[in-house]
Amino acid sequence: MKELLEEYALIAEIISALAVIISLIFVGLQIRSNTKATQASTFHEIAALDIHILLSLGSSKETSRIISTFRVNPDALTEEEHNHGFHLFAAEIRHVENLFLQNENKMLSKKNWESRKSLVDGMVLTPGFGALLESPNKHFFDGSFIRYAENLRKKHLIKDGGFENKN
């Protein structure tokens, strides 16, 4: 009788272990599903923010002109326009900095980052970003983002808001 009870106990332990393994697999699948849903939600929020920023920057002809000019040639603006353009551009940069930091913290999937990397790099390579780097306000941005930007600009031979001559 004792041997029979020991066999039942052993079978119960095996069944219990299998149930734990099946439960863990189920939990893993649920976590994967929740992660994908969270990433989709994050990407949707990023896209909505992109649209909101573009609409607000294009809210008037003057604002559109100032931000467009600041991106490509900040020195072409009057002092007042330069100040206005700088703040508009800084808001755009804050957005791309957020994308960069989400990627650094593994909050974006590789596919989502690849679809936004050109936006980040494009903003960083503009003369307007060069003006930001030369301003005392650059310390308001994340250090790892600034280092990334400075290294990317060096890689593309961009210095002081313009292209550096290789010769």
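What counts, and where the lines are drawn
- Residues numbered from 1 in each chain as written.
- Predicted model: local features only at pLDDT ≥ 70, side-chain atom pairs only at ≥ 80, totals over all residues.
- Heavy atoms only, no water.
- Helix = DSSP H or I, 4+ residues; strand = E, 2+ residues; numbered from the N terminus.
- Expected span 1.5 Å × (residues − 1).
- Bend = angle between axes of the 7 residues up to and from the residue.
- Buried < 20%, exposed > 50% of the residue type's maximum accessible area, 1.4 Å probe, protein only.
- Phe/Tyr/Trp six-rings, centres within 6.5 Å; stacked < 30°, edge-to-face > 60°.
- Lys NZ or Arg CZ within 6 Å of the ring centre and 35° of its normal.
- Patch = residues over 30% accessible without salt bridge, like charges linked within 9 Å, V, L, I, M, F, W, Y side chains within 5 Å.
- Areas by Shrake-Rupley, 256 points an atom, 1.4 Å probe, with all protein chains shown as cover.
- Salt bridge = Lys/Arg side-chain N within 4 Å of Asp/Glu carboxyl O.
- Core = buried A, V, L, I, M, F, W, Y, C linked by side-chain atoms within 4.5 Å.
- Contact = heavy atoms within 4.5 Å.
- Axes fitted to C-alpha atoms, helices over the stretch in contact; angles between N-to-C directions.
- Parallel < 35°, antiparallel > 145°, perpendicular 65-115°, else oblique.
- Left-handed = near helix turned anticlockwise from the far one by under 90°.
- 1 Å grid on protein atoms, 1.4 Å probe; cavity = no way out; pocket = protein on both sides within 12 Å on 5 of 7 lines; lining within 4 Å.
- Points joined across faces, edges and corners; volume = space filled by probe spheres on them.

**A few points about helix α4 (residues 110-124)**
Consideration 1: When the terminal C-alpha atoms of α4 are compared, their 20 Å separation across 15 residues agrees well with the 21 Å that a helix rising 1.5 Å per residue should span.
Consideration 2: Largest kink in α4: about 40°, centred on Arg 116.
Consideration 3: Every buried residue of α4 is accounted for by Asn 112, Trp 113, Arg 116, Val 120, Asp 121, Met 123 and Val 124.

**A closer look at the packing of aromatic side chains**
The description of an aromatic ring pair uses the distance of the two centres, along with the angle that the planes make with each other.
Consideration 1: Scanning the model with the defined rule gives five aromatic pairs in all.
Consideration 2: Plain terms: the ring middles of Phe 70 and Phe 86 are 6.1 Å apart, the flat faces sit at 80° to each other, and that makes the pair edge-to-face. Taken together, the positions of Phe 70 in helix α2 (residues 61-72) and Phe 86 in helix α3 (residues 79-104) put the pair 16 residues apart, joining distant regions of the chain. Phe 86 shares its class with Phe 70; the two are buried.
Consideration 3: Residues Phe 129 and Phe 145 carry aromatic rings whose centres are separated by 6.0 Å and whose planes lie at 90° to one another, so their mutual orientation is edge-to-face. Highlighted residues: Phe 129 in helix α5 (residues 127-134) and Phe 145 in helix α6 (residues 143-155), separated in sequence by 16 residues.
Consideration 4: Taking relative accessible area as the criterion, Phe 145 reaches 0% and is therefore assigned buried.
Consideration 5: Through pairs of rings, three or more aromatic residues link up here, namely Phe 100, Phe 129, Phe 145 and Tyr 148.
Consideration 6: Lying across the ring of Phe 141, Arg 94 places its NZ or CZ 4.4 Å from the centre.

**What about a nonpolar patch on the surface?**
Consideration 1: Judged by side-chain polarity, Leu 10, Ile 14, Leu 18, Ile 21, Ile 22, Ile 25 and Leu 29 come together as a nonpolar surface patch covering roughly 700 Å² of accessible area.
Consideration 2: Position of Leu 10 among the secondary structure elements: in helix α1 (residues 2-57).

**Quick notes on the nonpolar core**
Consideration 1: Residues Phe 89, Ile 93, Phe 129, Leu 132, Phe 145 and Ile 146 are the most contacted members of the largest nonpolar core, which totals 29 residues.
Consideration 2: At the level of elements, α1, α2, α3, α4, α5 and α6 are the ones that each hand at least two residues to this core.
Consideration 3: It is α3 that contributes the most residues to this core, eight residues altogether.
Consideration 4: Aside from chain neighbours lying at most four places away, what touches Phe 145 is Ile 93, Val 96, Glu 97, Phe 100, Val 120, Val 124 and Phe 129.

**Description of the packing of α5 against α6**
Consideration 1: Contact pair α5 / α6: the axes reach a minimum separation of 12 Å and the direction vectors enclose 125°. Regarding the angle of α5 to α6, the classification is oblique. Like other packed secondary-structure pairs, α5 and α6 cross with a definite hand, here left-handed. Together, Phe 129, Gly 130, Leu 132 and Leu 133 of α5 and Phe 145, Ile 146, Ala 149, Glu 150 and Arg 153 of α6 make up the contact between the two elements.

**Describing the layout of surface pockets**
Consideration 1: The volume enclosed by the second largest pocket comes to roughly 160 Å³.
Consideration 2: Surrounding the second largest pocket, Asp 50, Ile 53, Leu 54, Arg 71, Glu 92, His 95, Val 96, Arg 116, Leu 119 and Met 123 form its lining.
Consideration 3: Broken down by secondary-structure element, the contributors of at least two residues to the lining of the second largest pocket are α1, α3 and α4.

**Thoughts on the environment of His 95**
Consideration 1: Note that His 95 resides in helix α3.
Consideration 2: Separated by 77 residues in the primary sequence, His 95 and Leu 18 place their C-alpha atoms 48 Å from one another.
Consideration 3: Not counting the four nearest positions on each side in its chain, His 95 is found in contact with Ile 46, Leu 49, Asp 50, Ile 53 and Leu 119.

**Observations concerning the pattern of salt bridges**
Consideration 1: For the coordinates displayed, the defined rule picks out six salt bridges.
Consideration 2: Of the charged contacts in the structure, one is a salt bridge between Glu 81 and Arg 65, with a shortest N-O distance of 2.3 Å. Of the two residues, Glu 81 sits in helix α3 while Arg 65 sits in helix α2, which places them 16 residues apart along the sequence.
Consideration 3: Residue classification places Arg 65 among the partly exposed residues on the basis of a relative accessible area of 34%.
Consideration 4: For Lys 117, the salt bridge goes to Asp 121, with nearest N and O atoms at 2.6 Å. With a gap of four residues between them, Lys 117 and Asp 121 both fall in helix α4, about one helical turn apart.
Consideration 5: Owing to a relative accessible area of 26%, Lys 117 belongs among the partly exposed residues under this scheme.
Consideration 6: Its relative accessible area of 13% is what places Asp 121 among the buried residues.

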